[in-house]
Amino acid sequence: MPAAPFPPVLTRHAEAETCADPSSVMTLLADSGATAGGFTSYRSAFAEGAVGAPAHFHTKATELFFVIGGSLQVLVGEEVTVLEAGDFLAVPPHTPHAFAAAPGCEADVLFVFTPGMGRFDYLRLLGRVMRGEADAKEIAASAERFDNHYVDSPVWRSVLEASA
């Protein structure tokens, strides 16, 4: 048998690092360093109606969404849909997307990026910005490092305005 590309990864819930901001709690499960770049995974629990991410795309990674509970409103390209508990979505590279807890709902979502990259530092930065501990300009400056490229989406803006 060929050697495994990385050892098994086990993250116990009680020992997982969490990043919290006013709208969500992110549980960091496996970063790319532990998976030889194979994947990165975390879980986000969004408060009712909380906005997750503005419109953006990745140039290298496919982003996988699995809704564990609640409802997640997502933009994929120019289409907006609601994912319910048990739904799965794979967004390929170069595809603009955004997400938020559906209006009036909470959402519990497992995210996986493949190939993986060191995104945990991005999630930590995001939490600091949301809590007012860091400047939002740091996020824009980190676009290449974290393969997170923000774009304008009139469709997504109108969805957020309608639910405000």
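Residues numbered from 1 in each chain as written. Predicted model: local features only at pLDDT ≥ 70, side-chain atom pairs only at ≥ 80, totals over all residues. Heavy atoms only, no water.

Caption draft 1: Examining the layout of surface pockets more closely. Volume-wise, the largest pocket comes out at about 330 Å³. Around the largest pocket, the lining is made up of 27 residues, and of these Gly52, Ala53, Pro54, Tyr122 and Leu126 lie nearest the centre. Of all the secondary-structure elements, those providing two or more residues to the lining of the largest pocket are strand 2 (24-30), strand 3 (40-46), strand 4 (51-57), strand 9 (107-114), helix 1 (120-130) and helix 4 (154-163). A breakdown of the residues in the lining of the largest pocket according to their chemical character gives 18 nonpolar, six polar and three charged. (1 Å grid on protein atoms, 1.4 Å probe; cavity = no way out; pocket = protein on both sides within 12 Å on 5 of 7 lines; lining within 4 Å. Points joined across faces, edges and corners; volume = space filled by probe spheres on them. Helix = DSSP H or I, 4+ residues; strand = E, 2+ residues; numbered from the N terminus. Nonpolar A, V, L, I, M, F, W, Y, C, P; charged D, E, K, R; others polar.)

Caption draft 2: Region of the structure containing the nonpolar core. Of all hydrophobic cores here, the largest spans 30 residues; its most connected members are Phe46, Phe65, Leu72, Phe99, Val109 and Phe111. Among the nonpolar cores identified, the runner-up in size contains six residues, and Leu75, Ala98, Ala100 and Trp156 belong to it. (Core = buried A, V, L, I, M, F, W, Y, C linked by side-chain atoms within 4.5 Å. Buried < 20%, exposed > 50% of the residue type's maximum accessible area, 1.4 Å probe, protein only.)

Caption draft 3: Quick peek at helix 1. When we look at burial in helix 1, the residues that qualify are Phe120, Tyr122, Leu123, Leu125, Leu126, Gly127 and Val129. Where helix 1 is buried, its residues contact strand 1 (17-20), strand 2, strand 3, helix 2 (137-141), helix 3 (143-146) and strand 10 (149-150). Backbone geometry just downstream of helix 1 places Gly132 in the positive-phi region, at approximately 80°. (Contact = heavy atoms within 4.5 Å.)

Caption draft 4: Spotlight on the pattern of salt bridges. This structure, assessed with the given rule, holds six salt bridges. One salt bridge in this structure joins Asp121 and Arg145, with 3.1 Å as the shortest N-O distance. Of the two residues, Asp121 is situated in helix 1 and Arg145 in helix 3; the sequence distance between them amounts to 24 residues. Close ionic contact of Asp152 with Arg157 constitutes a salt bridge, the shortest N to O distance being 2.9 Å. A relative accessible area of 40% means that Arg157 is categorised as partly exposed. Each of Glu17, Asp121, Arg124 and Arg145 takes part in a single network of salt bridges with overlapping partners. (Salt bridge = Lys/Arg side-chain N within 4 Å of Asp/Glu carboxyl O.)

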